[in-house]
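So you can see what is in the structure, the chains are spelled out below.
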Amino acid sequence: QAKIGYLLQNQQKFDVNLNVRHFGKVTESTIQADGTLMDAAEKICRGTIDFVRGSADSVGAETEQVLLLGDDVVNKTIPVILCAEENVQGSHGAAIGELDEETLFYFGARGMDRTQAENTIARAKLEELFVSHLLSSSAMYTGTPDNANKEATTDLPLPIPPVIPILIMLIVVFQNKFYLIWQ
C-alpha cells in the first residue's frame, strides 16, 4: 500500500513514478495520491500496476485526487495497468478539479475569503493523511529538491507538528522543502 500526499506552491515541480509489480498469486496493492497544486506549480504522477505472469487472483487499484488552485498550475496524472496474467482485477481513477462556487460560498458565509478557504482545504487534505494513518515507528528524510523555487512563500498556514504521524509513504512539499516519510 502506498499513500502519497503533496502540496505544491509557486513554481515548484514534483515528478513521481511509482511501480507496483505483482509477482505472486493472490496479492493486493493500493496506490493512493492526494494533493493540491497552487499558483504555477507542476506535477506529474505516474502510477503503474504490473500483473506479471504468475500473479493470478491478484488485485491492484490506484487513485488520485488533485485540487487545482491556480490558473497556471500544470497537472499530469498518468495511471497505467499492465497485465500478462488472466484472472486479475486492476482499477484506476482520478478526480481533478477546482473549488466550486458552493464551497466558496460556504466558507464566505463563515467569514473566510477565497485565499483563506483555499489554504484551509489544502491544509485539511494533508492533515487527513497524517491523522488517518498513524504508525508506531518511522524514518524521515528532509531535503530541498533541485528544481524547487528558491523564493517559496511562507504565507500558507501549514505548520508541520513536532511529532508527525507517519504514513507508509508520504511526500509533502512545503516552504521549498520536501519531506519523504516512510515506515
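Report follows, based on the coordinates. (Residues numbered from 1 in each chain as written. Predicted model: local features only at pLDDT ≥ 70, side-chain atom pairs only at ≥ 80, totals over all residues. Heavy atoms only, no water.)

So, the overall build of the chain
And step 1. Assigned secondary structure in the chain consists of two helices and ten strands.
And step 2. Walking the chain from its N terminus toward its C terminus, one meets helices and strands in the order β-β-β-β-β-β-β-α-α-β-β-β.
And step 3. Across the chain, contacts joining residues at least 24 apart in sequence account for 79% of those joining residues at least 6 apart. (Helix = DSSP H or I, 4+ residues; strand = E, 2+ residues; numbered from the N terminus. Contact = heavy atoms within 4.5 Å.)

Quick look at the packing of aromatic side chains
And step 1. Within the structure shown, the criterion is met by two aromatic pairs.
And step 2. Relative to F14, the ring of Y6 lies with its centre 5.6 Å away and its plane at 40°, an arrangement referred to as tilted.
And step 3. Given a relative accessible area of 11%, F14 falls into the buried group.
And step 4. Plain terms: the ring middles of Y106 and F107 are 5.7 Å apart, the flat faces sit at 85° to each other, and that makes the pair edge-to-face.
And step 5. By relative accessible area, Y106 is classed as partly exposed at 45%.
And step 6. The side chain of R110 reaches across the aromatic face of Y106, ending 3.6 Å from its centre. (Phe/Tyr/Trp six-rings, centres within 6.5 Å; stacked < 30°, edge-to-face > 60°. Buried < 20%, exposed > 50% of the residue type's maximum accessible area, 1.4 Å probe, protein only. Lys NZ or Arg CZ within 6 Å of the ring centre and 35° of its normal.)

Quick notes on the side chain of S29
And step 1. By secondary structure assignment, the location of S29 is in strand β3 (residues 28–38).
And step 2. Using a relative accessible area of 8% as the deciding quantity, one classes S29 as buried.
And step 3. When near neighbours in sequence (up to four residues on either side) are disregarded, S29 contacts V20, H22, I49, V59, G60 and A61.

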